[in-house]
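Each chain, letter by letter, is given below.
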Amino acid sequence: MSELRISIQLGVDGETVKRDVLEIAEHKLGEMTDEEIESAIEIKIRTWVDRMIQVEWEVIDE
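As the structure is a prediction and not an experimental result, all values here were calculated from the model.

## Focus on the overall build of the chain
Along its length, the chain carries two helices and two strands. Ordered by position from the N terminus, the helices and strands of the chain form the series β-β-α-α. Taking 62 residues into account, the globule formula puts the C-alpha radius of gyration at 11 Å, and the chain, at 16 Å, lies well above it. A principal-axis box enclosing the C-alpha atoms of the chain has dimensions of 60 × 20 × 20 Å. Contacts in the chain between residues at least 24 apart in sequence constitute 30% of all its contacts with a sequence separation of at least 6.

Dropping the structure here:
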């Protein structure tokens, strides 16, 4: 079965810290328009980013 493969890299302060390849089975794309496919890719990327990035913070008394 064929897949749409998307190369993705996460950079922090100009340095690549994580690389990955995301895949979407082409049968899931079916009869989608180019705009719908682009939207599906963006959703896949946002989901990946949400899993990869954690930000922690706290207020420091000076």
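This is not the end of the story, as more comes after the structure.
## Description of the pairing of strand S1 (residues 3-12)
In this sheet, strand S2 (residues 15-25) lies alongside S1 in antiparallel orientation, the contact comprising ten bridges. Pairing of Arg-5 across the sheet is with Glu-23, part of S2. Hairpin remark: S1 followed by S2, antiparallel, with two residues in the connecting loop; positive phi at Asp-13, about 55°.

Each value, and the rule that gives it
- Residues numbered from 1 in each chain as written.
- Predicted model: local features only at pLDDT ≥ 70, side-chain atom pairs only at ≥ 80, totals over all residues.
- Heavy atoms only, no water.
- Helix = DSSP H or I, 4+ residues; strand = E, 2+ residues; numbered from the N terminus.
- Rg over C-alpha atoms; globule rule 2.2 N^0.38 Å.
- Contact = heavy atoms within 4.5 Å.
- Pairing = 2+ DSSP bridges.

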